[in-house]
Structure formats: structure tokens, C-alpha cells
Amino acid sequence: MTAINRTDTLYVTALSSGVTLLSTSLRGAESMGDVLRHVKSQAEMTKGVVTLRIRNSTQGWVQQHNVVLNTQAKPNMSASFYASTGQGQRKSYPSLFD
């Protein structure tokens with residue numbers, strides 16, 4: 001994978017089933033994670049397989065990635081790892097035998 005610097009100008013296109021969902025330029029990203037977070041925030045209601053085309057005009061490279069976007073909220077994991085014992089105390093592990 002090629003590097004992304006904060007000063008690079010990136011052109012990002014997100015496609016789903018041949019339909020352009022997002023086409024934007026981006027500056028200030030330091031990693032592919034920053035690019036993915038930006039795409040997910042801009043295409044909030046999109047769910048499913050999305051093709052990302054990322055062109056770094058500063059460094060002269062192009063990449064294509066297929067990602068799966070999911071709009072479902074992630075469950076609160078901290079709540080599922082603690083079960084009440086009935087006396088106001090909490091267990092630090094899940095149990096099948098309560």
C-alpha cells in the first residue's frame with residue numbers, strides 16, 4: 001500500500017452497483033482509515049458493497065478498494081460483558097448459568 005501524507009490531495013469516488021454515491025476531493029488525511037471514515041460519514045445511509053477509487057494527485061497513484069458499509073449501530077459491548085447479580089454487584093464476565 002502506498003503512503004498518504006497530510007499535504008496530499010486525494011480524489012475519492014464511491015460507487016455502488018455502478019452508481020456514484022460520492023465524488024469528492026480530500027486534503028489532510030494521514031491514512032487510509034481517515035479516508036474510510038470520511039467516506040462513511042458522507043454516505044451515512046449507504047449499506048452494502050461499495051467500490052472506492054482513490055487517486056492521489058500529489059504522489060501520482062490510484063487505488064481501488066471494495067469495502068462493505070453497514071449502517072447498523074454497534075452494540076454496547078461493555079453492557080454485554082457485565083451482568084447484574086441481583087444484589088447490586090456486577091460480574092466481570094458473561095455467564096450462561098445465571
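Since the model is a prediction, treat every value here as computed from it, not as a measurement.

Chemist: How should I be thinking about unusual backbone geometry in this particular structure?
Modeler: Excluding glycine, a negative phi dihedral is what most residues carry, and trans is how most peptide bonds are arranged. Positioned with a positive phi, Ser17 is a non-glycine residue whose angle comes to about 55 degrees. Assignment of secondary structure puts Ser17 in the loop between β1 (9–16) and β2 (19–27). Residue classification places Ser17 among the exposed residues on the basis of a relative accessible area of 77%.

Chemist: Quick question: what am I supposed to make of the sheet that holds strand β4 (residues 61–69) here?
Modeler: Sheets are built from strands paired through backbone hydrogen bonds, the pairs being either parallel or antiparallel. Pairing in this open sheet of 4 strands is antiparallel, and the strands run β2-β1-β3-β4 from one edge to the other. Because the sheet does not close on itself, it has two edges, and the strands there are β2 and β4. Adjacent strand axes in the sheet meet at a mean angle of 20 degrees when their direction is disregarded. Strand contacts of helix α1 (residues 32–42): β1, β2, β3 (48–56) and β4, with the helix running at about 130 degrees to β2, the strand carrying the most contacts.

Chemist: Help me understand the pattern of salt bridges, please; the structure alone is not making it clear to me.
Modeler: Applying the stated criterion across every chain, the model contains 2 salt bridges. The partner of Arg6 in a salt bridge is Glu30, and the shortest N-O contact between them spans 2.2 Å. In this pair, Arg6 is assigned in the segment before β1 and Glu30 in the loop between β2 and α1, connecting sequence segments 24 residues apart. For Arg6, a relative accessible area of 51% puts it in the exposed group. A residue is classified by how much of its surface remains accessible, and Glu30, at 43% relative accessible area, is partly exposed. Notably, a salt bridge pairs Asp34 with Arg37, separated by 2.6 Å at the nearest N-O pair. Highlighted residues: Asp34 and Arg37, both in helix α1, separated by 3 residues, approximately one helical turn. A residue is classified by how much of its surface remains accessible, and Arg37, at 54% relative accessible area, is exposed.

Analysis parameters
- Numbering of residues begins from 1 in every chain and follows the order in which that chain's sequence is written.
- Reporting of local features is limited, given that this is a predicted model, to residues whose pLDDT is at least 70; pairs of side-chain atoms are given and counted only at 80 or more, and all residues count toward the totals for whole chains, interfaces and linings.
- Computation of side-chain values: all heavy atoms of the structure, hydrogens and water removed.
- Each helix is a run of H or I in the DSSP string that is no shorter than four residues. Each strand is a run of E no shorter than two, and both are numbered from the N terminus.
- Relative accessibility decides the category of a residue: with a 1.4 Å probe and only protein chains considered, values under 20% of the type maximum give buried, values over 50% give exposed, and everything between is partly exposed.
- Strands qualify as paired when DSSP identifies two bridges or more between them.
- Working convention: axes come from line fits to C-alpha atoms, limited for helices to the stretch in contact. Angles between N-to-C directions cover 0 to 180 degrees.
- Contact definition: two residues touch when any of their heavy atoms are within 4.5 Å.
- Each salt bridge in this description consists of a side-chain nitrogen of Lys or Arg and a carboxyl oxygen of Asp or Glu lying within 4 Å of one another.

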